[in-house]
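Here is what each chain is made of, one letter per residue.
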Amino acid sequence: MPLTSAFSRTVGADSHETPIRHQSPRVSTVHIVWDWNGTLLDDLTQVVDAVNVTLGEIGEPSITIREYGAHYQRPVRRFYESLLGRVVPDDEWRLIDDVFHVAYRDLLPKMRLAPDAIEALDGVRRAGHTQSLLSMLWHDDLVTMVERFDIGSFMNRVEGLRGERGARKQVFLEGHLQALGDSVDVGGVLMIGDALDDVEAAVAVGTRCVLYDRGTFPQERIRATGVATASTLVGALEVGGAI
């Protein structure tokens, strides 16, 4: 299934009337799966700061947010290989991942939710839908942050990474949807994220997806795919037919 079939429409805070390039048949949304980093959580600056700490540890120069967005991909090891222009051996990859997460945790006090995150979460609840959170951040770190921002009551399930370091999201999305049970029809699930990995995972399991274009990826890189985008989280819900 091509990425464009995931649901292709674009709206944004600074858009007025944007044509629909291709749109899948309208499906009733019953459940939203939210991404965390770069979507509900506005942490792009801190992520790049942590990457730069990591690069310094292995003797490499710092990068900008734009450079980060140009190279970012999953598995995350491939991101570093793209950035460095070489293979990252196993021992160096373990060091990179460990240093990054220590640096990232040190920056947690500086992180905030996306500007309209609470409005979006409340809108889903008022619309009578259920919602959950799936992140590739380590599970214990994710739970700590959800508790800090006091948003756990919005979620039917909160799930972070418990498996392979920096893995792709597809397998975890499959398990996440299975854990939600038979009450959630995959065809009625809308995934909202900020990275191409979110789209690939959604397409693979048969859910729809809208990308938030104020997160990890540069807007031009997202919109070049033809996948539905929005410049606000509430806008993403509107594009996805959730509210």
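Residues numbered from 1 in each chain as written. Predicted model: local features only at pLDDT ≥ 70, side-chain atom pairs only at ≥ 80, totals over all residues. Heavy atoms only, no water.

1. Details of the overall build of the chain
Across its full length, the chain holds 10 helices and 8 strands. Partitioning the contacts of the chain with sequence separation of at least 6, the portion at a separation of at least 24 is 66%. Entry remark: accessible area of the chain is about 10800 Å², with carbon and sulfur atoms responsible for 50%. (Helix = DSSP H or I, 4+ residues; strand = E, 2+ residues; numbered from the N terminus. Contact = heavy atoms within 4.5 Å. Areas by Shrake-Rupley, 256 points an atom, 1.4 Å probe, with all protein chains shown as cover.)

2. Some words on the pairing of strand S6 (residues 189–193)
In terms of burial, S6 is largely enclosed, as 5 of its 5 residues are buried. Relative to S6, strand S1 (residues 31–34) is paired through 4 bridges, and the arrangement is parallel. Residue pairing in the sheet places Val-33 in a bridge with Met-191 of S6. You can see the chain leave S6, run along helix H8 (residues 196–205) and come back into strand S7 (residues 208–212), and the turn it takes is right-handed. (Buried < 20%, exposed > 50% of the residue type's maximum accessible area, 1.4 Å probe, protein only. Pairing = 2+ DSSP bridges. Right-handed = clockwise from strand over helix to strand, strands pointing away.)

3. Observations concerning unusual backbone geometry
The amide bond that connects Arg-74 to the next residue, Pro-75, takes the cis arrangement and shows omega of 0°. Mapped onto the elements of the fold, Pro-75 is located in the loop between helix H2 (65–71) and helix H3 (76–84). Non-glycine residue Asp-150 carries a positive phi angle of around 55°. Residue Asp-150 is classed as exposed on the basis of its relative accessible area of 61%.

4. Remarks on the environment of Arg-223
By the element assignment, Arg-223 lies in helix H9 (residues 219–223). Placed 10 residues apart in sequence, Arg-223 and Asp-213 show a C-alpha to C-alpha distance of 8.5 Å.

5. Points about the confidence of the model for the chain
Confidence in the prediction for the chain averages 87 pLDDT; 88% of positions are at 70 or higher. A low-confidence stretch, residues 1–25 (pLDDT under 50), is modelled with 58 contacts involving residues beyond four sequence positions or located in other chains. (pLDDT = per-residue confidence, 0-100.)

6. Regarding the sheet that holds strand S5 (residues 158–161)
The 6 strands are arranged S5-S4-S1-S6-S7-S8 in an open sheet whose pairing can be described as parallel. Looking at the sheet topology across the chains shown, the edges are occupied by S5 and strand S8 (229–230). Packing against the sheet, helix H7 (residues 170–180) makes contact with S1, strand S4 (130–138), S5 and S6, and its axis sits at approximately 145° to S4. (Axes fitted to C-alpha atoms, helices over the stretch in contact; angles between N-to-C directions.)

7. Overview of the side chain of Asp-213
Along the chain, Asp-213 turns up in the loop between S7 and H9. Residue classification places Asp-213 among the buried positions, given a relative accessible area of 2%. A polar contact of 2.8 Å, which involves the side chain of Asp-213, links it to the side chain of Arg-214. A distance of 3.1 Å separates a polar atom in the side chain of Asp-213 from a polar atom in the side chain of Ser-231. (Polar contact = N/O pair within 3.5 Å; in protein donor to acceptor, adjacent residues only side chain to side chain.)

8. What to know about the pattern of salt bridges
Going through the model one piece at a time under the given rule, you end up with 10 salt bridges. Between Arg-105 and Asp-141 there is a salt bridge, with its nearest N and O atoms 2.9 Å apart. Linking Arg-105 in helix H4 (residues 90–106) with Asp-141 in helix H6 (residues 139–149), this pair joins segments that are 36 residues apart in sequence. Residue Arg-105 is classed as partly exposed on the basis of its relative accessible area of 36%. The exposure class of Asp-141 is buried, given its relative accessible area of 15%. For the salt bridge of Asp-213 with Arg-214, the shortest nitrogen-to-oxygen distance reads 2.8 Å. Residue classification places Arg-214 among the partly exposed residues on the basis of a relative accessible area of 34%. In this structure, a network of salt bridges that share partners links the residues Asp-35, Lys-169 and Asp-198. (Salt bridge = Lys/Arg side-chain N within 4 Å of Asp/Glu carboxyl O.)

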